[in-house]
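So you can see what is in the structure, the chains are spelled out below.
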Amino acid sequence: MKISGVDIRPGNILEYEGGIWKVAKTQHTQPGKGGAFMQVEMKNLIDGRKTNVRFRSADTVEKVRLDTKDFQFLYAEGDQLVFMDIETYDQIQLPADLLGDAAAFLQDGMQVLLELWEERPISVQLPEQVEATIVEADAVVKGQTASSSYKPAVLDNGVRVMVPPHIESGTRIVVDVYEKTYVRKAD
């Protein structure tokens, strides 16, 4: 679907110069001389490059719709992650860097959402929140309760998060995957 250059919004997926790009930021600019334009910061979803492009209102660009499919994480094999299509049981291998920092939160059997473009996996979305166990937590320093002070802790997957003082080693907590923050104690 073609859209005007000034209708581009953050989060849009665009086909531009033969690549597939996700819009990170947009800024509408109306200079005193000349026509208005949209300054667009985009990231290539295939190779990770970033670029800044100016689109005038007369320019049109192709907006892409990605297909989404439910997959289940099976296991990691070196720097590759193996996922299974829940409907067809087909297995695919994807590079771990496709997930970025969120890869540390993958758990065996976890349901994930794959975004596909022309049957090619572009991104993997994990659940917003996951449960994890604290394996190491600093001791609370007495008298530090006046402010809402958080202390560092290490999860069973090696990720460091800040937790409230009452959380101790061995406690199961719920963590926000993309912000890497403590949400609450697990039930």
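All values derive from a computational prediction rather than experimental measurement.

## Details of the overall build of the protein chain
Scanning the protein chain for helices and strands turns up zero helices and 16 strands. Since a compact globule built from 187 residues should have a radius of gyration of about 16 Å, the 21 Å found for the protein chain marks it as more spread out than a globular shape. With the principal axes as the frame, the protein chain shows a C-alpha extent of 65 × 50 × 25 Å. In the protein chain, of all internal contacts separated by at least 6 residues, the share reaching a separation of at least 24 is 42%. Entry remark: accessible area of the protein chain is about 11400 Å², with carbon and sulfur atoms responsible for 46%. Within the protein chain, one finds 21 positive and 29 negative side-chain charges whose respective centroids are separated by 9 Å.

## Concerning the side chain of K151
Structurally, the position occupied by K151 is in strand β13 (residues 151–155). In this structure, K151 is buried with no salt-bridge partner, the nearest side chain bearing the opposite charge being E168 at 6.6 Å. Of the polar contacts made by the side chain of K151, one reaches the backbone oxygen of D138; its length is 3.1 Å. Setting aside residues no more than four positions away along its own chain, K151 makes contact with A137, D138, V140, V161, M162, V163, P164, P165 and I167.

## Some thoughts on the UniProt feature "domain: Translation elongation factor P/YeiP central" (unreviewed entry) in the protein chain
In the UniProt entry, the feature "domain: Translation elongation factor P/YeiP central" (unreviewed entry) is given for residues 68–122. Between the end C-alpha atoms of residues 68–122 there is a gap of 10 Å, over a span that is 0% helix and 56% strand.

## Points about the nonpolar core
Within the largest apolar cluster, 28 residues are counted, with the highest numbers of intra-cluster contacts made by F83, L106, V112, L126, L155 and I173. Mapped onto this core, the elements with two or more residues apiece are β7 (67–77), β8 (80–85), β10 (111–117), β12 (129–137), β13, β14 (160–163) and β15 (172–176). Excluding anything up to four places from it in sequence, L126 contacts L99, A102, F105, L106, M110, V112, V177 and Y178. Among the nonpolar cores identified, the runner-up in size contains twelve residues, and I3, I8, Y16 and F55 belong to it.

## Side note on the sheet that holds strand β1 (residues 2–4)
With respect to topology, six strands assemble into an open sheet ordered β1-β6-β2-β3-β4-β5, the strand pairing being antiparallel. Of all strands in the sheet, those bounded by a partner on one side alone are β1 and β5 (50–56). Mean inter-strand twist for the sheet, computed between neighbouring axes without regard to direction, equals 45°. Where strand β4 (residues 37–44) meets β5, seven bridges bridge the pair, whose relative direction is antiparallel. Of the residues in β5, the one forming a bridge with K43 is K50.

## Structural notes on the pairing of β4
Where strand β3 (residues 19–29) lies against β4, eight bridges are found, and the strand directions are antiparallel. Bridge pairing links K22 to K43 in β4. Turn length for the β4-β5 hairpin, with the two strands adjacent in sequence and antiparallel, is five residues, and the turn residue G48 shows positive phi of about 85°.

## Structural notes on the environment of I8
The residue I8 is located in the loop between β1 and β2 (13–16) in this model. Discounting chain neighbours no more than four positions away, the residues touching I8 are I3, L14, V23, T26, M38, V40, F55 and V61.

## Structural notes on unusual backbone geometry
Of note in this structure, E17 is not a glycine but carries a positive phi near 50°. By the element assignment, E17 lies in the loop between β2 and β3. Assessed through its relative accessible area of 70%, E17 is described here as exposed.

## Looking at the packing of aromatic side chains
Going through the model one piece at a time under the given rule, you end up with two aromatic pairs. Taken together, a centroid distance of 5.6 Å and an interplanar angle of 75° make the contact between Y16 and F55 edge-to-face. Linking Y16 in strand β2 with F55 in strand β5, this pair joins segments that are 39 residues apart in sequence. For the pair formed by Y16 and F55, the shared burial category is buried.

So, how was this worked out
Residues numbered from 1 in each chain as written. Predicted model: local features only at pLDDT ≥ 70, side-chain atom pairs only at ≥ 80, totals over all residues. Heavy atoms only, no water. Helix = DSSP H or I, 4+ residues; strand = E, 2+ residues; numbered from the N terminus. Rg over C-alpha atoms; globule rule 2.2 N^0.38 Å. Contact = heavy atoms within 4.5 Å. Areas by Shrake-Rupley, 256 points an atom, 1.4 Å probe, with all protein chains shown as cover. Lys, Arg positive; Asp, Glu negative; His and termini not counted. Charge placed at Lys NZ, Arg CZ, Asp CG, Glu CD. Buried < 20%, exposed > 50% of the residue type's maximum accessible area, 1.4 Å probe, protein only. Salt bridge = Lys/Arg side-chain N within 4 Å of Asp/Glu carboxyl O. Polar contact = N/O pair within 3.5 Å; in protein donor to acceptor, adjacent residues only side chain to side chain. UniProt positions renumbered as here; feature names shortened; annotations may be inferred. Core = buried A, V, L, I, M, F, W, Y, C linked by side-chain atoms within 4.5 Å. Pairing = 2+ DSSP bridges. Axes fitted to C-alpha atoms, helices over the stretch in contact; angles between N-to-C directions. Phe/Tyr/Trp six-rings, centres within 6.5 Å; stacked < 30°, edge-to-face > 60°.

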